Amino acid sequence: MNWIQYNVFFYFIATYLQPLLVKYQTDNPMVPFLFDNLFSTIKNLMELFIKQDILSTLIHGNQLKNFDFTKQDNLLPLKSITIGFAAEKVINDLKRKDILFSKEIKKILKFYRSILICFLEKVFERSLSSSAFLQATSCVKPSSILSSSKIKLLQQMKNLLHTLLSSSYIYH
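What counts and how
- Residues numbered from 1 in each chain as written.
- Predicted model: local features only at pLDDT ≥ 70, side-chain atom pairs only at ≥ 80, totals over all residues.
- Heavy atoms only, no water.
- Phe/Tyr/Trp six-rings, centres within 6.5 Å; stacked < 30°, edge-to-face > 60°.
- Helix = DSSP H or I, 4+ residues; strand = E, 2+ residues; numbered from the N terminus.
- Buried < 20%, exposed > 50% of the residue type's maximum accessible area, 1.4 Å probe, protein only.
- 1 Å grid on protein atoms, 1.4 Å probe; cavity = no way out; pocket = protein on both sides within 12 Å on 5 of 7 lines; lining within 4 Å.
- Points joined across faces, edges and corners; volume = space filled by probe spheres on them.
- Nonpolar A, V, L, I, M, F, W, Y, C, P; charged D, E, K, R; others polar.
- Contact = heavy atoms within 4.5 Å.
- Expected span 1.5 Å × (residues − 1).
- Arc of directions from axis to C-beta.
- pLDDT = per-residue confidence, 0-100.

(A) Region of the structure containing the packing of aromatic side chains. Counted according to the given criterion, the structure contains 6 aromatic pairs. Taking 4.0 Å as the distance between ring centres and 10 degrees as the angle between the ring planes, the aromatic pair formed by Phe 9 and Tyr 112 counts as stacked. Separated by 103 residues along the polypeptide, Phe 9 in helix α1 (residues 3-23) and Tyr 112 in helix α5 (residues 102-127) bring together distant segments of the chain. Pair check on accessibility: Phe 9 and Tyr 112 agree, each one buried. Through a chain of ring-to-ring contacts, three or more aromatic side chains come together here, namely Phe 49, Phe 67, Phe 69 and Phe 124.

This is how it looks when you write it as C-alpha cells:
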C-alpha cells in the first residue's frame, strides 16, 4: 500500500473537519452553537460509510451516544463508502497499473472505514461526555431565544443552570 493513498484520504477527512475548527478559532461566544455544529459535522462524516436510512433516524445528537458501528446492517458495503475523489483516483491508477488488486482494495477500504469509526468513537467519547452541557447551552442561541415560548425558555435555562451546577462549572 502506498502512503499517498492514505495521505489523500486524510486530507479528504480534514476537509470535513476544517470548517468546524476554523469557525471555533475565535474569541466570540460560540459554545451555544457547538452542540448543533458538532452533531452536523459528525453526521456528515457518518454519511461516508453509514447507510442513509439509518442516518435519517438520527435527528438529535443524543441519539449518537448509543450508535453501534459494529453492526454490519448499519454500514454501507465497502464499494459504496466515500473516500474522496483523490483517494479513488490513486487507487484506480494503482489498479490500472496492476499494483493493486481487488483483495488489496478491499483491505484499504476496510482500513479507511476503521479509521473513520475509531475517529468518531473518540469524538463521541470526548464530546458526548459533555453533551448535556453543550445541549443545555443551546438555549442561549439567539434563534432559540426568539423561537421559544417564555415557559420553555425558562425551563431550558433551569436545565442549563442544573447542568452547570451538577458539573461543578458554577457553585451555589
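(B) How the structure looks around the layout of surface pockets. There is about 270 Å³ of room inside the largest pocket. The wall of the largest pocket is formed by 14 residues, among which Leu 20, Leu 21, Leu 38, Val 123 and Ser 127 lie closest to the centre. Top contributing element to the lining of the largest pocket by residue count: helix α2 (residues 31-46), with 5 residues. Classifying every residue of the lining of the largest pocket by side-chain character gives 10 nonpolar, 3 polar and 1 charged. Approximately 190 Å³ is the volume attributed to the second largest pocket. Lining the second largest pocket are Leu 78, Lys 79, Ile 81, Ile 83, Glu 88, Ile 91, Asn 92, Lys 95, Ser 102, Ile 105, Lys 106 and Leu 109. Counting residues per element, the ones that place at least two in the lining of the second largest pocket are α4 (85-96) and α5. Within the lining of the second largest pocket, the residues separate by chemical class into 6 nonpolar, 2 polar and 4 charged.

(C) Looking closely at the environment of Leu 134. Mapped onto the elements of the fold, Leu 134 is located in helix α6 (residues 131-137). Looking at Leu 134, the relative accessible area reads 7%, which means it is buried. The sequence separation of Leu 134 and Leu 160 amounts to 26 residues, and the corresponding C-alpha distance is 9.1 Å. With near-sequence residues (within four places) excluded, Leu 134 lies in contact with Val 31, Leu 34, Phe 35, Leu 38 and Ser 127.

(D) Representation of helix α8 (residues 150-166) in the model. Taking 1.5 Å as the rise per residue, α8 with 17 residues should run 24 Å; its terminal C-alpha atoms sit 24 Å apart, in good agreement. Among the residues of α8, those classed as buried are Leu 153, Leu 160, Thr 163 and Leu 164. In an axial view of α8, the angular spread of the buried residues amounts to 100 degrees, which keeps them on one side of the axis. Facing away from the buried side of α8, by more than 90 degrees, are the exposed residues Ile 151, Leu 154, Lys 158, His 162 and Ser 166. Considering only its buried residues, α8 is in contact with α6 and α7 (142-147). Ser 168 lies just past α8 and shows a positive phi near 60 degrees.

(E) Representation of the confidence of the model for the chain in the model. Per-residue confidence for the chain gives a mean pLDDT of 87, with 95% of residues at or over 70. Per-element confidence in the chain ranges from a low mean pLDDT of 79 for α6 to a high of 92 for helix α3 (residues 52-55).

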